[in-house]
Amino acid sequence: MFRGSLVALITPFRSGKVDETAFQEHVAWQVGQGTHGFVPCGTTGESPALNDGEARRVVALCVEVAKGRAPVIAGTGTNSTEHTIALTRQAKEAGADAALIVCPYYNKPTQEGLYQHFKAVHDAVDLPIIVYNIPGRSAVDMTNATMARLAKLPNIVGVKDATNDLARPLKMRVEIGNGFALLSGEDATAVAYLAQGGDGCISVTANVAPRLCSEMHEAWQKGDVGTVRQINERLIPLHDALFAETSPAPVKYAASLLGLCTAEVRLPLCEIQEATKAKVHEAMVSAGLLSD
């Protein structure tokens, strides 16, 4: 089962191109910091701005560095079922351990449409699938009933839940059982999600605070609530700052402060405002990740 701190990897750019060296160095650093899983080509990796060739290459680069030490869950979802199948196939060929597939955005499918979309991908590609439910970006919300129905398919193995509805994980755990990975998609409420039956978090913050994020989840698994609370309180200003503007622009700026990559994003995203830069810098200092 997928669990713990899984990082929603940024995709570094330099002069408009994917910075392959910076990306692989970032993944290697994450391995050394104890990150429990990698998610390349998700929204945090600016997947809507990557072409198919770039996406395949990014997944392959991640797999090459991870070397089986932690699972690679490739973001392959689009609002076209045919295109999603193609991207999922290429992720499997690149060596991914699973696919993260978002509910089709903009189309606003019904619950039956959602079921048929995921079933079509499931039937076309033999690769474990994690459903990505993020109504705030996709404009459609998969119900627990549809999730439970999909969970009966052998390769639908979990959910990245970015609904921020903390009753959901408990209800899903009761309805679906323990074999289904419940992963939070919201850093600020990840601990509350764990308390409601969750298994881990696909984290934006882990891009710049991987050790703290991994230690927090390991402490939770050991029942060390005091350490969990201490780390969570230390990270909350950073969680807030990294979403002061549309992600991943703030976290890329934070990564640039650590010398991990440039702060470059692709349009339609753009450089964050000076006030946001100051907020991110202050939060990084507060978390002990930068000196003042």
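Our structure is the block above this text.
Just so it is clear, the model here is predicted, and its values are computed rather than measured.

Participant: Could you give me a rundown of helix 7 (residues 168-176), with the residues and numbers involved?
Facilitator: Residues lying three or four places apart along an α-helix face the same way, a consequence of the helix completing one turn every 3.6 residues. Along helix 7, the positions that sit buried rather than exposed are Arg-168, Pro-169, Met-172 and Arg-173. Taken down its axis, helix 7 places every buried residue within 130 degrees of arc, on the same side. The inward-facing, buried residues of helix 7 abut strand 7 (129-133), helix 6 (144-151), strand 8 (156-161), strand 9 (181-184) and helix 8 (190-195). Positive backbone phi, at 105 degrees, marks Gly-177, one or two positions downstream of helix 7.

Participant: With reference to specific residues and values, describe the pattern of salt bridges.
Facilitator: Side chains carrying opposite charge are able to pair once their charged atoms draw close together. The full count for this structure, using the stated rule, is twelve salt bridges. Between Lys-119 and Asp-123 there is a salt bridge; the shortest N-O distance is 2.7 Å. Placement of the pair is Lys-119 and Asp-123 together in helix 4 (residues 111-124), with a separation of four residues, close to one helical turn. Here Lys-277 ties to Glu-271 by a salt bridge, and the two come within 2.4 Å at their closest N and O atoms. Take Lys-277: its relative accessible area is 12%, and that puts it in the buried class. Salt bridges sharing common partners tie together Asp-141, Asp-165 and Arg-168.

Participant: Tell me about the environment of Asp-126, and please be specific about residues and values.
Facilitator: By the secondary structure assignment, Asp-126 is in the loop between helix 4 and strand 7. Under the relative-accessibility criterion, Asp-126 is labelled exposed at 56%. Distance from Asp-126 to Pro-154, taken between C-alpha atoms, is 9.8 Å for residues 28 residues apart in sequence.

Participant: Provide a residue-level description of the environment of Ala-145, including the pertinent values.
Facilitator: Position of Ala-145 relative to the elements: it lies in helix 6. Take Ala-145: its relative accessible area is 56%, and that puts it in the exposed class. Here the alpha-carbon distance between Ala-145 and Asp-165, two residues 20 residues apart in the chain, equals 15 Å.

The rules behind these values
Counting from 1, residues in each chain are numbered in the order their sequence is written. Restriction of local features to residues with pLDDT of at least 70 applies here, the model being predicted, together with a cutoff of 80 or more for giving and counting side-chain atom pairs; totals for whole chains, interfaces and linings are based on all residues. Excluding hydrogens and water, the side-chain figures rest on all heavy atoms present in the structure. Remark: exposure states derive from per-residue accessible area (1.4 Å probe, protein chains only) relative to the maximum for the residue type, with buried under 20%, exposed over 50%, and partly exposed in between. Labels follow the DSSP assignment, with helices taken as runs of H or I lasting at least four residues and strands as runs of E lasting at least two, numbered in each case from the N terminus. Arc definition: directions from the helix axis to the C-beta atoms. Contact between two residues is taken to exist if any of their heavy atoms lie within 4.5 Å; hydrogens are not considered. For salt bridges, the criterion is a side-chain nitrogen of Lys or Arg within 4 Å of an Asp or Glu carboxyl oxygen.

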